[in-house]
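# Commentary on secondary and tertiary structure
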Amino acid sequence: MALEKTLVLLKPCTVQRALIGEVINRFEKKGLRIAGLKMMQLDDAILREHYAHLVERPFFPGLCASMSATPVIALALEGVDAIEVVRQMAGPTNGRKALPGTIRGDYSVSGQQNIVHASDGPETAAAELKRFFKDEEIFDWATPQQVALYASDEI
């Protein structure tokens, strides 16, 4: 199996509630490696591109206002099946329906103010990583913990 990379955005509600470190810590404790990390302010152009599939929906202006309320934290995370692992950790989009133990289940009671955005598949992850990171902002480096995280036939 190969390591895969995925995008996670810690949303403005996470920044406003001072949960950045706590959420990142959960990903690190799980064993995902941070390949890239930065704080950035989302503008109309990137929001229209990122949410192109929602531009015509009536809630789009509110979504843009929410996602630009403060900077976000963009993370490139890496691991075996990282996309699926992150989505399982995040839980369902609506925090009211997310089980305790998931990030949204523990920190969210909203469908929109739901702590994180997580890529939903390999093609989406590749496009989203390119949208939020320049190539030189994503790093490949060996972590000594890798031998304790995976069996030799898993990577």
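Residues numbered from 1 in each chain as written. Predicted model: local features only at pLDDT ≥ 70, side-chain atom pairs only at ≥ 80, totals over all residues. Heavy atoms only, no water.

This next bit is on the pattern of salt bridges. Within this structure, the stated rule accounts for eight salt bridges. For Lys 38, the salt bridge identified is with Glu 137, shortest N-O distance 2.8 Å. Here Lys 38, found in strand 2 (residues 33-40), pairs with Glu 137, found in the loop between helix 7 (122-132) and helix 8 (146-149); they are 99 residues apart in sequence, far enough to count as distant. In this structure, Lys 130 and Asp 135 form a salt bridge, with 3.2 Å as the shortest nitrogen-oxygen distance. Neither Lys 130 nor Asp 135 differs from the other in exposure class; each is exposed. One continuous salt-bridge network, built from bridges that share partners, spans Lys 5, Arg 33, Glu 78 and Asp 140. (Salt bridge = Lys/Arg side-chain N within 4 Å of Asp/Glu carboxyl O. Helix = DSSP H or I, 4+ residues; strand = E, 2+ residues; numbered from the N terminus. Buried < 20%, exposed > 50% of the residue type's maximum accessible area, 1.4 Å probe, protein only.)

Okay, the sheet that holds strand 2 next. Taken in spatial order, the four strands make up an open sheet running 2-3-1-4, and their pairing is antiparallel. The sheet is open, and its two edges are formed by strand 2 and strand 4 (116-118), each paired on a single side. When strand polarity is set aside, the average angle formed by the axes of neighbouring strands in this sheet is 20 degrees. Looking at chain direction, strand 1 (residues 3-10) and strand 3 (residues 72-80) are connected through eight bridges and run antiparallel. Paired with Leu 10 across the strands is Ile 73, a residue of strand 3. This element, helix 2 (residues 20-30), spans strand 1, strand 2, strand 3 and strand 4 of the sheet and lies at about 10 degrees to strand 3. (Pairing = 2+ DSSP bridges. Axes fitted to C-alpha atoms, helices over the stretch in contact; angles between N-to-C directions. Contact = heavy atoms within 4.5 Å.)

Right, let's get into the packing of helix 2 against helix 5 (residues 82-90). Between helix 2 and helix 5, the least distance of the axes is 11 Å, while the angle of their chain directions is 130 degrees. On the basis of their axis angle, the class for helix 2 and helix 5 is oblique. Read as a crossing pair, helix 2 and helix 5 show a hand that is right-handed. Of the residues in helix 5, those in contact with Arg 26, Phe 27 and Lys 30 of helix 2 are Val 85, Val 86 and Met 89. Looking at the contact of helix 2 with helix 5, its residues break down into four nonpolar, no polar and two charged. (Parallel < 35°, antiparallel > 145°, perpendicular 65-115°, else oblique. Left-handed = near helix turned anticlockwise from the far one by under 90°. Nonpolar A, V, L, I, M, F, W, Y, C, P; charged D, E, K, R; others polar.)

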